[in-house]
Amino acid sequence: MNSDSSVPNPPSSVAQTIPEPTSVPQVRFKGEGGRLLLLLPSENEITTPATAWADLWQQLKQRLNGGDRFWQPNTAVYLIARDRLLDTRQLQAISEALTEAKLNLKRVYTSRRQTAVAAATGGFSVEQQSPIAHLNPETVGQAIAEPLYIETTVRSGVEIRHPGTVIVLGDVNPGSSIVADGDVLVWGALRGVAQAGASGNSRCIIMALRLDPTQIRIADFVARAPETPPQQYYPEVAYVTPDGIRIISTADFSKDRLELPES
Amino acid sequence: MSRIIVVTSGKGGVGKTTTTANLGMALAQRGHKVAVIDADFGLRNLDLLLGLENRIVYTAVEVLAGECRLDQALVRDKRQPNLALLPAAQNRTKDAVTPDQMKKLVGALTKAFHFVLIDCPAGIEMGFQNAITPAREAIVVTTPEVAAVRDADRVVGLLEANDVKRMYLVINRLKPAMVEQDMMMSVKDVQDILAIPLLGVVPDDERVVVSTNRGEPLVLGADSTSLAATAFGNIVRRLEGEKVPFLDLNPPPEDFFSRIRRFFQGRKS
Ligand SMILES: Nc1ncnc2c1ncn2[C@@H]1O[C@H](COP(=O)(O)OP(=O)(O)OP(=O)(O)O)[C@@H](O)[C@H]1O
Ligand SMILES: [Mg+2]
């Protein structure tokens, strides 16, 4: 969403068959020219190493459950493991989960020797990449990622982070959170924490069929749920005005948007 | 095929062990061969609730170590021969077994039992993993409290991620009078959040505590006609696939005044 054209000198990246997105906070699928990339977050983006695998696994299962309607059966998947340390058993588990979703693990890309060895041992085709590629500094004018669409109930303890817009077809329960660099759209009840424009874009919005959140944030603005919940819920939108976060019904929002002389 | 059901909750003290003991006993009474496993290593108490503590010779740990056979560790219930308990070791920690070992144990039990119920420890750490890995179905127990529901929700997410997709909800310790006064979450409030099929609602009942202390599941003793015991009985029938209407817990029959009050409140609005 960045229209700034004065991007300073582009990073000198190594030419690769598989392009590397710079920010992958969580497990993510990315379609590209008929093939599907499965992107894993890099080791340093994981907060708690103790639960790293359990978290990764839960995210993978959730993405698989959420997106399976959109994939053709037998689509080839390229696992971009980056610097993640994975053993043979874990690679096997990933492969089996993909197979269950009628996807085919075609090849593993990794920058870790141990992971490459584990993949080869497990009988996967593997390509070891130079780790230099991951050390690229964050690009300034980077395009926002394509929306993440998930069809599931986001349950307590789950945090969904995505460098783009997040669309949830289901409820977002108390104790969970959605952190999006773009908008947050919940086709269901939003009861957890939602953050839109997480990297600073205050023009992002949050909308839900039932907006009953623990807290919402847009860029640096924060709003809490009212002490007394309303008697009735209807679809609402939260957005930033000069006075802070404002919440109105979706119907009024579209009118407003058209009338406002917004930049 | 045998059914392997884990009874789990996330939060401690909400009634997992009580539920396991009563469902195990009620299933056995209805002619099923039932094994209940205490997966709460280090903090076992399923044996206490079943009144079988003094008959334990070996535990699951000795079976796994090859120190005894599985059938030697199983404690048969004298009152109800269809029911057997596989006890957990009291003196070992939760790391004493692995998920794979639990799977093997449960696999062996399915050869002789129709139902295997696994009493899960509180929390979502290793002991939880051990308990859910062999399971094909889960009974998620919660009380109608915000914190318990929050933890139950977390557990539902973890069960989904671990491919235990058949889950049922049991709401325990409901106090209809409090719900009526808007001081406690209602069954619907809990269902709204957890969104898994409701298997039963068990009222809060002092007799549950008495039966716990006596080592005699409610469905077995003199109180087997109590509302809570009936609720457990209904859960078992629903597990068997029968459609059983939910008990009318609201209002409790003895509370005449609240009914009157409700009547007048109803008239006002
Ligand atoms: N329906 C009920 N009415 C009244 N008391 C109850 C009810 N269900 C359980 N209790 C009481 O609550 C206490 C905790 O129950 P229980 O041991 O079954 O919980 P638990 O979930 O297994 O606990 P833990 O997490 O420690 O294993 C016991 O004292 C029990 O008697
Ligand atoms: Mg217990």
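Residues numbered from 1 in each chain as written. Chains lettered and ligands numbered in written order. Predicted model: local features only at pLDDT ≥ 70, side-chain atom pairs only at ≥ 80, totals over all residues. Heavy atoms only, no water.

## Considering the overall build of chain A
Put simply, the rule reads: Secondary structure counts use DSSP, requiring at least four H or I residues in a row for a helix and at least two E residues in a row for a strand, with both numbered from the N terminus. Two residues form a contact once any of their heavy atoms are found within 4.5 Å. Only the protein chains shown count as cover for residues, and the accessible areas themselves come from Shrake-Rupley with a 1.4 Å probe.
When you go through chain A residue by residue, the secondary structure sums to four helices and 16 strands. In chain A, the proportion of contacts linking residues at least 24 apart, taken out of those at least 6 apart, comes to 42%. Total accessible area on chain A is roughly 13,500 Å²; 51% of this is exposed by carbon and sulfur atoms.

## Considerations on the overall build of chain B
Heads up, the condition is: Using C-alpha atoms as the atom set, the radius of gyration is obtained and then compared with a globule rule of 2.2 Å times the number of residues to the power 0.38. Exposure categories follow from relative accessible area, calculated using a 1.4 Å probe and restricted to protein chains: below 20% of the type maximum is buried, above 50% is exposed, and the middle band is partly exposed.
From N to C terminus, chain B includes 12 helices and eight strands. Here the C-alpha atoms of chain B give a radius of gyration of 19 Å, agreeing with the 18 Å that 2.2 N^0.38 yields for 269 residues. C-alpha extents for chain B along the principal axes are approximately 70 × 40 × 35 Å. Looking at chain B as a whole, 54% of its 269 residues are labelled buried. Counting only contacts in chain B whose residues sit at least 6 apart along the sequence, the fraction spanning at least 24 positions is 74%.

## A word on helix 9 (residues 187–194) of chain B
All names here are of chain B. To keep it simple, the criterion reads: By definition, the arc is the one covered by directions from the helix axis to the C-beta atoms.
Buried within helix 9 we find Val190, Ile193 and Leu194. All buried residues of helix 9 lie within an arc of 90 degrees about the axis, which places them on one face of the element. Here the buried face of helix 9 lies against strand 6 (137–142), helix 7 (146–161) and strand 7 (166–174). Phi turns positive one or two residues past the end of helix 9, at Ala195, with a value near 50 degrees.

## Details of the packing of aromatic side chains
Going by this rule: Each aromatic pair joins two rings of Phe, Tyr and Trp (for Trp, the six-membered one) with centres within 6.5 Å, and gets the label stacked for planes under 30 degrees apart, edge-to-face for over 60, and tilted for any other angle. We call a charge positioned over a ring when the NZ of a Lys or the CZ of an Arg lies within 6 Å of the ring centre and within 35 degrees of the ring normal.
Overall, the coordinates contain three aromatic pairs over all chains when judged by the stated rule. Aromatic pair Tyr239(A) and Phe253(A): ring centres 5.2 Å apart, planes at 55 degrees, arrangement tilted. Here Tyr239(A), found in strand 15 (residues 236–241), pairs with Phe253(A), found in helix 4 (residues 250–259); they are 14 residues apart in sequence, far enough to count as distant. A relative accessible area of 7% places Tyr239(A) in the buried class. Across from the ring centre of Tyr78(A), 5.4 Å away, lies the NZ or CZ of Arg35(A), which sits over that ring. Sitting over the ring of Phe246(B), Arg238(B) keeps its end group 4.0 Å from the ring centre.

## Some remarks on the interface of chain A and chain B
This is how the line gets drawn: Throughout, buried area stands for the accessible area (probe radius 1.4 Å) lost by two parts on being put together, summed over both. Any carboxyl oxygen of Asp or Glu that lies within 4 Å of a side-chain nitrogen of Lys or Arg is treated as forming a salt bridge with it.
Contacts between the two partners involve 12 residues from chain A and, on the opposite side, 14 residues from chain B. Contact between chain A and chain B buries roughly 1,200 Å² in total, counting both sides, with carbon and sulfur atoms accounting for 39%. It is Gln58(A), Arg155(A) and Ser156(A) that lose the most area in chain A upon contact with chain B, and together they represent 44% of the buried surface on that side. Taken together, the connections running from chain A to chain B amount to three salt bridges. No other element matches helix 1 (residues 52–67) of chain A, which puts three residues into the side of chain A that touches chain B.

## Thoughts on the confidence of the model for chain A
Residues and elements named next belong to chain A. Test applied: pLDDT expresses how confident the predictor is about each individual residue, on a scale running from 0 to 100.
A residue-level look at chain A finds 79% of positions with pLDDT of 70 or above and a mean pLDDT of 81. Here residues 1–16 scores under 50 on pLDDT; set against residues more than four positions off or in separate chains, the count is 10 contacts. This stretch, residues 133–140, has a pLDDT under 50; its non-local contacts, to residues over four places away or in other chains, come to 13 contacts.

## A few points about unusual backbone geometry
Even without being a glycine, Ala219(A) presents a positive backbone phi close to 50 degrees. Here Ala219(A) lies in the loop between strand 13 (215–218) and strand 14 (221–224). We note that Ala195(B) has phi near 50 degrees; this positive angle belongs to a residue other than glycine.

## Focus on the pattern of salt bridges
Applying the stated criterion to the full structure yields 19 salt bridges over all chains. We note a salt bridge from Asp212(A) to Arg210(A), for which the minimum N-O separation is 3.6 Å. With a relative accessible area of 22%, Asp212(A) lands in the partly exposed category. In this structure, Glu216(B) engages Arg214(B) in a salt bridge whose closest nitrogen and oxygen atoms are separated by 3.4 Å. Residue Glu216(B) is classed as partly exposed on the basis of its relative accessible area, which comes to 23%. By relative accessible area, which is 48% here, Arg214(B) ends up partly exposed. Through salt bridges that share partners, Arg30(B), Arg237(B), Glu240(B) and Glu242(B) make up one connected network.

## Structural notes on the site of ligand 1
All names here are of chain B. Threshold: By convention in these notes, a residue is near a molecule or strand provided one of its non-hydrogen atoms lies within 4 Å of it. In protein, a polar contact means a hydrogen-donor-capable atom and an acceptor-capable atom, both N or O and within 3.5 Å, with residues adjacent in sequence counting only if both atoms are side-chain atoms; elsewhere, any N or O pair within 3.5 Å suffices. Any residue that is not Ala, Val, Leu, Ile, Met, Phe, Trp, Tyr, Cys, Pro, Asp, Glu, Lys or Arg is counted as polar, Gly included; the first ten are nonpolar and the last four charged.
Taken together, 18 residues surround ligand 1, and among them Lys16, Thr17, Thr18, Asn172 and Asp205 come closest. Here an oxygen atom of ligand 1 and a side-chain polar atom of Thr17 are 2.7 Å apart. Between ligand 1 and Thr18, the relevant distance is 2.5 Å, taken from an oxygen atom to a side-chain nitrogen or oxygen of the residue. Alone, ligand 1 offers 630 Å² of accessible surface; in the complex the protein occludes 83% of this. Going through the elements one at a time, helix 1 (16–29), strand 7, strand 8 (198–203) and helix 10 (206–214) are the ones with two or more residues in the shell around ligand 1. Here the shell around ligand 1 is built from residues that sort into six nonpolar, seven polar and five charged.

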